Amino acid sequence: MRTVRFAEYGGPDVLELTEAAEPHAGPGQIRIAVRAAGVNPHDWRTREGQFRRIRPIELPAGVGQDAAGVVDEVGDTVTGIEVGDPVFGRGSNTYAEFAVLSSWARLPDGLTFAEAAGYPSVVETALRIIRLVGVQPGQTLLVSGAAGGVGSAVLQISRDRGIKVIGTAGPANQDYLHSLGAVATTYGTGWVERVRRLGRVDAALDLNGAGVIRGLLDLTGDPEKVVTIADLEAPMLGIRFAGVGGSMPEALAEAVDLISRGKLHIPVHRSYPLAEAAAAHTDSQAGHTRGRRVLLV
């Protein structure tokens, strides 16, 4: 099968489209014929070797966690799903024609494979960091870098829960944030004062690591009310870095519920063929995404 792999840590150019043996579903797993794979910051951070001290991997290695496709193999102990069912979920080495998933859900009606591939990790992350920061209905949550995949999910989940959101993004994404129910303002020079004029901030999330941590701390007045998923230096200020740890099956179930009720939609900003995984990583690292980037297989 065709798959994207890298033999050494480095920039996007280390990614190669190559041939590899097909994986097979073990107990509690399914295998899918991949139709689309989500592109996440975790993917290029792994490729760069940012996690090698805490989670070393054997090289050469595959890439990708999120995918959507059609079930073509069901492992032992798996029930409630059959070959031919359309699903989306999280697994490993999903930049490939076939991938094994460890968590999955049936594709909700009306959702394309490309759209579905963008949901698993961002919804799980959004649910986890909203819980970690402790924001409650009626309070105000500040989201820095709100237009990307995780931000899109945070804004819509918060709106469904009665949480007011102030979101920062570039000028081109202000209307997009408004469409998701947020009060929007731009980042850049003077952003702290612009936010302050919009009202009290009870909690804050840093989604893009753009050097905003001290400003978020100033606005909330409490490091326990700030969580980052992007700034590795934040713990030195007493601010939590939210890595992994949430329940993907629960997140997928909640995603299906929100999507089915018309409360959650994460657009596909751009799709790429599998052979252009390096370009997808380059664009993902550059930021300024509205929604998600996906690879089509």
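Refer to the structure presented above.
Source: prediction; values computed, not measured.

Trainee: Explanation requested: the environment of V165 in the structure shown.
Mentor: The residue V165 is located in strand β9 (residues 164-169) in this model. For V165, a relative accessible area of 4% corresponds to the buried category. Distance in space between the C-alpha atoms of V165 and A286 is 25 Å, their sequence separation being 121 residues. Look past the residues within four positions of V165 in its chain and what remains in contact with it is L141, V143, L155, S158, A182 and V183.

Trainee: Explain the packing of aromatic side chains here, please?
Mentor: Applying the stated criterion to the full structure yields one aromatic pair. Centroid distance F6 to Y9: 6.1 Å. Interplanar angle 45°. Geometry classified as tilted. A residue is classified by how much of its surface remains accessible, and F6, at 1% relative accessible area, is buried. Positioned above the aromatic ring of F98, the side-chain terminus of R31 is 4.6 Å from the ring centre. The lysine or arginine in question, R55, covers the ring of F51, its NZ or CZ lying 4.7 Å from the ring centre.

Trainee: What's the story with the pairing of strand β5 (residues 66-74) in this structure? I'm lost.
Mentor: On a regular strand, each side chain points to the face opposite its neighbour's, so the side chains alternate between the two faces of the sheet. With respect to burial, β5 is a largely interior element, seven of its nine residues being buried. Looking at chain direction, strand β3 (residues 30-39) and β5 are connected through seven bridges and run antiparallel. Bridge pairing in β5 places A33 opposite V70.

Trainee: Before we go on, may I ask you to explain the sheet that holds strand β2 (residues 15-19) in this structure?
Mentor: Sheet architecture is open: three strands sit in the order β2-β1-β4, paired in antiparallel fashion. Both outer strands of the open sheet, β2 and β4 (61-62), are each paired with one neighbouring strand and no more. The pairing of strand β1 (residues 2-6) with β2 spans five bridges and is antiparallel. When the bridges of β2 are listed, V4 appears paired with L17.

Trainee: How do you make sense of helix α8 (residues 248-260) when you look at a structure like this?
Mentor: Residues separated by three or four positions in an α-helix point in the same direction, a consequence of the helix having 3.6 residues per turn. For α8, built from 13 residues, the straight-helix expectation of 18 Å at 1.5 Å per residue is met to within 8% by its first-to-last C-alpha distance of 18 Å. Within α8, burial applies to M248, A251, L252, A255, L258 and I259. Each buried residue of α8 lies within a common arc of 125° when the element is viewed along its axis, so the set occupies one face. With respect to the buried face of α8, the exposed residues turned more than 90 degrees away are P249, E250 and S260. The inward-facing, buried residues of α8 contact β6 (86-92), β7 (98-106), α3 (120-133) and α4 (149-160). For α8, the capping residue at the N-terminal end is S247, with a side-chain oxygen 3.3 Å from the backbone nitrogen of E250.

Trainee: Would you explain the sheet that holds strand β11 (residues 203-206) in this entry?
Mentor: What holds strands together in a sheet is hydrogen bonding between their backbones, with the strands either parallel or antiparallel. In space, the six strands of this open sheet follow the order β10-β9-β8-β11-β12-β13, with parallel pairing throughout. Because the sheet does not close on itself, it has two edges, and the strands there are β10 (183-186) and β13 (240-241). Of the pairings in the sheet, the one linking β9 to β10 comprises four bridges and is parallel in character. Within β10, the residue paired with G167 across the bridge is A184. The strands that helix α7 (residues 213-220) touches are β8 (140-144), β11 and β12 (226-228); relative to β11, the one it contacts most, it runs at about 170°.

Trainee: Mind showing me how you'd approach the pattern of salt bridges here?
Mentor: If charged atoms from side chains of opposite charge come close, those side chains can pair. Going through the model one piece at a time under the given rule, you end up with 15 salt bridges. Between E254 and R161 there is a salt bridge, with the nearest N and O atoms lying 3.2 Å from each other. Of this pair, E254 sits in helix α8 while R161 sits in the loop between α4 and β9, and the two are 93 residues apart along the sequence. Exposure remark for E254: the relative accessible area of 29% places this residue in the partly exposed category. Here R196 and D218 are joined by a salt bridge, their closest N and O atoms 2.9 Å apart. Of this pair, R196 sits in helix α6 (residues 191-197) while D218 is found in helix α7, placing the two residues 22 residues apart along the sequence. Judged by relative accessible area, R196 falls into the partly exposed class, the value being 37%. Assessed through its relative accessible area of 47%, D218 is described here as partly exposed. Taken together, the salt bridges that share partners define one network made up of E22, R31 and D72.

Trainee: Help me understand unusual backbone geometry, please; the structure alone is not making it clear to me.
Mentor: For residues besides glycine, phi is generally negative; the peptide bonds are generally trans as well. Residue P60 is bonded to the preceding L59 through a cis peptide linkage, with omega at 0°. Summarising the element assignment, P60 is placed in the loop between α1 (41-48) and β4. Despite not being glycine, T77 shows a phi value in the positive range, around 75°. By the element assignment, T77 lies in the loop between β5 and β6. Non-glycine residue N93 carries a positive phi angle of around 50°.

Cut-offs used in this document
- Residues numbered from 1 in each chain as written.
- Predicted model: local features only at pLDDT ≥ 70, side-chain atom pairs only at ≥ 80, totals over all residues.
- Heavy atoms only, no water.
- Helix = DSSP H or I, 4+ residues; strand = E, 2+ residues; numbered from the N terminus.
- Buried < 20%, exposed > 50% of the residue type's maximum accessible area, 1.4 Å probe, protein only.
- Contact = heavy atoms within 4.5 Å.
- Phe/Tyr/Trp six-rings, centres within 6.5 Å; stacked < 30°, edge-to-face > 60°.
- Lys NZ or Arg CZ within 6 Å of the ring centre and 35° of its normal.
- Pairing = 2+ DSSP bridges.
- Expected span 1.5 Å × (residues − 1).
- Arc of directions from axis to C-beta.
- Polar contact = N/O pair within 3.5 Å; in protein donor to acceptor, adjacent residues only side chain to side chain.
- Axes fitted to C-alpha atoms, helices over the stretch in contact; angles between N-to-C directions.
- Salt bridge = Lys/Arg side-chain N within 4 Å of Asp/Glu carboxyl O.

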